[in-house]
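# Coordinate analysis (summary)
Chain residues, written in single-letter form:
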Amino acid sequence: MKLPFDVDVPDINPDFSAPFFKGFQLIASYILAGAMLVVLIMLIIAGAALAFRGLASDRVRTWAGENILWIFIAAAILGAASGLFAWFVNFDFGF
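Summary of the structure given here.

Cut-off values and rules
Residues numbered from 1 in each chain as written. Predicted model: local features only at pLDDT ≥ 70, side-chain atom pairs only at ≥ 80, totals over all residues. Heavy atoms only, no water. Helix = DSSP H or I, 4+ residues; strand = E, 2+ residues; numbered from the N terminus. Rg over C-alpha atoms; globule rule 2.2 N^0.38 Å. Buried < 20%, exposed > 50% of the residue type's maximum accessible area, 1.4 Å probe, protein only. Contact = heavy atoms within 4.5 Å. Areas by Shrake-Rupley, 256 points an atom, 1.4 Å probe, with all protein chains shown as cover. Lys, Arg positive; Asp, Glu negative; His and termini not counted. Charge placed at Lys NZ, Arg CZ, Asp CG, Glu CD. Expected span 1.5 Å × (residues − 1). Core = buried A, V, L, I, M, F, W, Y, C linked by side-chain atoms within 4.5 Å. Bend = angle between axes of the 7 residues up to and from the residue. Axes fitted to C-alpha atoms, helices over the stretch in contact; angles between N-to-C directions. Parallel < 35°, antiparallel > 145°, perpendicular 65-115°, else oblique. Left-handed = near helix turned anticlockwise from the far one by under 90°. Nonpolar A, V, L, I, M, F, W, Y, C, P; charged D, E, K, R; others polar.

Across its full length, the chain carries 2 helices and 0 strands. A globule of 95 residues ought to have a C-alpha radius of gyration of about 12 Å, yet the chain, at 23 Å, is considerably larger. Dimensions along the principal axes, computed over C-alpha positions, put the chain at roughly 80 × 30 × 15 Å. Counting only residues that meet the buried cut, the chain has 19% of its 95 residues in that class. Put simply, 60% of the contacts in the chain that link residues at least 6 apart link residues at least 24 apart. Element-wise, carbon and sulfur atoms account for 71% of the exposed surface of the chain, whose accessible area totals about 7,700 Å². Positive and negative charge centroids in the chain, built from 5 and 7 side chains respectively, lie 19 Å apart.

Below, the structure written as structure tokens:
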């Protein structure tokens, strides 16, 4: 039984065919990939400085000891953001 105020609402599906959307995805993927590479390099340098005493100066070892936790946190946040981006819009490193 249909009442006079009943409304038929069609299914709503997002339309990702906007001309700028592919460019936005590519730029965002470049930024995420670049940030992930920078954080990975920082993590390698900090880990190597802490693991091998003669490899780096005291100043670098001090920096690594003070900041390695923040580097891990940054890597976790970037990894989560990249995973969400991949899940939502098909992540593309652009290589």
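Its 31 residues give helix 1 (residues 21-51) an end-to-end C-alpha distance of 44 Å, which sits within 8% of 45 Å, the value for a rise of 1.5 Å per residue. Listed as buried for helix 1 are Phe 21, Gln 25, Ala 28, Ser 29, Leu 32, Ala 33, Val 39, Ala 46, Ala 48 and Ala 49. Turning to helix 1, the residues buried within the fold contact helix 2 (58-89).

With that settled, the discussion passes to the nonpolar core. Counting 12 residues, the largest nonpolar core is built from Phe 21, Ala 28, Leu 32, Val 39, Ala 46, Ala 49, Ala 64, Ile 68, Ile 71, Leu 78, Phe 85 and Val 89. At the level of secondary structure, the elements contributing two or more residues to this core comprise helix 1 and helix 2.

What follows concerns the environment of Phe 52. With respect to the helices and strands, the residue Phe 52 is situated in the loop between helix 1 and helix 2. Distance from Phe 52 to Gly 34, taken between C-alpha atoms, is 27 Å for residues 18 residues apart in sequence.

Moving on: the environment of Val 7. As for its placement among the helices and strands, Val 7 is situated in the segment before helix 1. Separated by 60 residues in sequence, Val 7 and Asn 67 have C-alpha atoms that sit 58 Å apart.

The next subject is helix 2. Given 3.6 residues per helical turn, the α-helix brings residues three or four places apart onto the same face. In a regular helix each residue adds 1.5 Å, so 32 residues correspond to 46 Å; helix 2 covers 44 Å between its end C-alpha atoms and thus fits that length. The largest bend along helix 2 reaches roughly 50° and is located at Asn 67. Among the residues making up helix 2, those that are buried are Ala 64, Ile 68, Ile 71, Leu 78, Ser 82, Phe 85 and Val 89. The inward-facing, buried residues of helix 2 contact helix 1.

Here the focus is the packing of helix 1 against helix 2. Across the interface, helix 1 lies against helix 2 with an axial gap of 8 Å and an inter-helix angle of 150°. Taken together, the axes of helix 1 and helix 2 lie roughly antiparallel to each other. Here helix 1 and helix 2 pass one another in a crossing that is left-handed. Split into classes, the residues belonging to the contact of helix 1 with helix 2 amount to 24 nonpolar, 5 polar and 1 charged.

Interpretation note: all reported values are geometric properties and have no functional meaning in isolation.
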